[in-house]
Amino acid sequence: MRWKERGRRDKIAVVLMGIYLFLVLCVTVIPRDFTLDPKWLYHESVPVTYVYWMPFRDLMAGYSDAGKQILLNVVMTMPFGFLYGMIRKKPGLFSAVRATLLLSLSIELFQLLTTVFLLYHRRCDVTDLITNVTGGALGYLLYRFYLYLQSQKQKS
């Protein structure tokens, strides 16, 4: 839908989605190591695993912050699912899940590329894909619940 044809609520949702995506990229993609230390000097000596294929590996290994990371990944993508529902006209759960999967996969692949090309070490983890998609689906379901509450409010 063209920008001029959108209503005020839709325009606000689009702006919020843009701000949200920028913040997600700042947290997940942009390296936070601003030192001038070249990574290639010691990259060979550091054991690097590029992709963790086993779902919930950290949780099963008993890492102390694994549960927190899972929760944060779910919470991080809930706004995406909610805003996606607001922006798209008549979206379905499958459409929201697919969009969240594409967002998460893009982030994970970019993290993989930054690690492979020695820019910064970020983990590419299948658990992140699962938890991000779960968060997007929950956000979309919250949007549907919001619509239900709005319709009940209008009836009374």
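Residues numbered from 1 in each chain as written. Predicted model: local features only at pLDDT ≥ 70, side-chain atom pairs only at ≥ 80, totals over all residues. Heavy atoms only, no water.

Chemist: How should the packing of aromatic side chains be read in this particular structure?
Modeler: Tallying each qualifying case throughout the model produces seven aromatic pairs. Between Phe 80 and Tyr 84, the ring centres sit 6.1 Å apart and the planes meet at 25°, which makes this aromatic pair stacked. Separated by four residues within a single helix, Phe 80 and Tyr 84 lie in helix α3 (residues 66-87), roughly one turn from each other. For the pair Phe 80 and Tyr 84, a shared accessibility class is recorded, and that class is buried. Ring pairs connect the aromatic residues Phe 82, Tyr 140, Tyr 143 and Tyr 146, which therefore count as one cluster. (Phe/Tyr/Trp six-rings, centres within 6.5 Å; stacked < 30°, edge-to-face > 60°. Helix = DSSP H or I, 4+ residues; strand = E, 2+ residues; numbered from the N terminus. Buried < 20%, exposed > 50% of the residue type's maximum accessible area, 1.4 Å probe, protein only.)

Chemist: Would you take a moment to explain the side chain of Asp 128 for this structure?
Modeler: Within the secondary structure layout, Asp 128 lies in helix α5 (residues 126-155). Not counting the four nearest positions on each side in its chain, Asp 128 is found in contact with Asn 73, Ser 104, Glu 108 and Arg 123. (Contact = heavy atoms within 4.5 Å.)

Chemist: Honestly, unusual backbone geometry in this entry has me stumped. Any pointers?
Modeler: Outside of glycine, negative phi angles account for most residues, and trans bonds account for most peptide bonds. If you check the backbone angles, Phe 56 has positive phi at about 60° while not being a glycine. Assignment of secondary structure puts Phe 56 in the loop between β1 (51-52) and α2 (57-61). Judged by relative accessible area, Phe 56 falls into the partly exposed class, the value being 29%.

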